[in-house]
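Architecture at a glance
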Amino acid sequence: MGLLDSALSMLSSTNQNDGGKAALMQAVVSMLGDKQPGGVGLQSLISAFHQAGLADIVQSWVSSGQNMPISAAQIQQALGGGQLQQLADAAGISHEGAASHLADFLPGIIDHLTPHGQVPEAGNINPAAVLQQFSSLFGK
């Protein structure tokens, strides 16, 4: 079993009362680590926030300063119905629940993936490392 499989197994075995956070985290990390042409990836996600007028917020996550908070409504604004619904479906939670959970942990994920204020190139994200780093959110 590879490191990613171990991390996914660890998250899937967490408390089932986490409201879908673990499954949503898996879906987000999978999306960000997408190496396929046309995949979402981190750069595309950041661009979606810029296009939604939330550049200052997302840039605070990328930079080395303090992360600005984001609301569930702003997450919905940036990701639109389709992408957010895909994540919600993958996690088995509501659209609103996904937006709320993403508002809680997406700033930390993006901050972790951009430690020196630089967005890594597509395909250079290690999903297993990200899942392991954030597994503490789920009581493991």
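The rules behind the values
Residues numbered from 1 in each chain as written. Predicted model: local features only at pLDDT ≥ 70, side-chain atom pairs only at ≥ 80, totals over all residues. Heavy atoms only, no water. Helix = DSSP H or I, 4+ residues; strand = E, 2+ residues; numbered from the N terminus. Buried < 20%, exposed > 50% of the residue type's maximum accessible area, 1.4 Å probe, protein only. Contact = heavy atoms within 4.5 Å. Areas by Shrake-Rupley, 256 points an atom, 1.4 Å probe, with all protein chains shown as cover. Axes fitted to C-alpha atoms, helices over the stretch in contact; angles between N-to-C directions. Parallel < 35°, antiparallel > 145°, perpendicular 65-115°, else oblique. Left-handed = near helix turned anticlockwise from the far one by under 90°. Nonpolar A, V, L, I, M, F, W, Y, C, P; charged D, E, K, R; others polar. Core = buried A, V, L, I, M, F, W, Y, C linked by side-chain atoms within 4.5 Å.

The secondary structure content of the chain amounts to seven helices and zero strands. When the helices and strands of the chain are listed from N to C terminus, the series reads α-α-α-α-α-α-α. Per-residue burial over the chain gives 42% buried out of 140 residues. When contacts within the chain are restricted to residue pairs at least 6 apart in sequence, long-range pairs at least 24 apart make up 64% of them. Total accessible area on the chain stands at roughly 7,000 Å², and carbon and sulfur atoms take up 48% of it.

Between helix H2 (residues 21-32) and helix H5 (residues 72-91), the shortest axis-to-axis distance is 8 Å and the interhelical angle comes to 130°. Between H2 and H5, the angle is such that the two are oblique. Remark: the crossing between H2 and H5 carries right-handed chirality. For the pair H2 and H5, contact is made by Ala23, Leu24, Ala27, Val28 and Met31 and by Gln83, Leu87, Ala90 and Ala91, respectively. Here the contact of H2 with H5 is built from residues that sort into eight nonpolar, one polar and no charged.

Relative to the helices and strands, Ser60 resides in helix H4 (residues 55-62). The buried category is assigned to Ser60, whose relative accessible area is 7%.

Turning to the nonpolar core, a few remarks are in order. The biggest cluster of nonpolar side chains holds 35 residues, and the ones touching the most others in it are Leu24, Val28, Phe49, Ile75, Leu102 and Ile110. When residues of this core are traced back to their parent elements, those giving at least two are H2, helix H3 (41-51), H4, H5 and helix H6 (95-113). The element best represented in this core is H6, accounting for nine residues. Excluding anything up to four places from it in sequence, Ile110 contacts Leu42, Leu45, Ile46, Val58, Trp61 and Val62.

Further remarks concern the packing of H4 against H6. It is at 7 Å that the axes of H4 and H6 come closest, and there the two elements cross at 50°. What the angle tells us is that H4 and H6 run oblique. Here Val58, Trp61 and Val62 of H4 lie close against H6, whose contacting residues are Leu106, Pro107, Ile110 and Asp111. Here the contact of H4 with H6 is built from residues that sort into six nonpolar, no polar and one charged.

This part covers the environment of Ser63. Looking at the element boundaries, Ser63 is found in the loop between H4 and H5. In this structure Ser63 comes out as partly exposed when scored by relative accessible area, which is 27%. As for Ser63 and Pro115, which are separated by 52 residues in sequence, their C-alpha atoms are 7.7 Å apart. Not counting chain neighbours up to four residues away, the residues in contact with Ser63 comprise Asp111 and Gly117.

On to the environment of Asp111. Assignment of secondary structure puts Asp111 in helix H6. Taking the C-alpha atoms as reference, Asp111 lies 9.4 Å from Gly65; in sequence the two are 46 residues apart. Residues contacting Asp111, with those up to four places away along its chain left out, are Trp61, Ser63 and Asn67.

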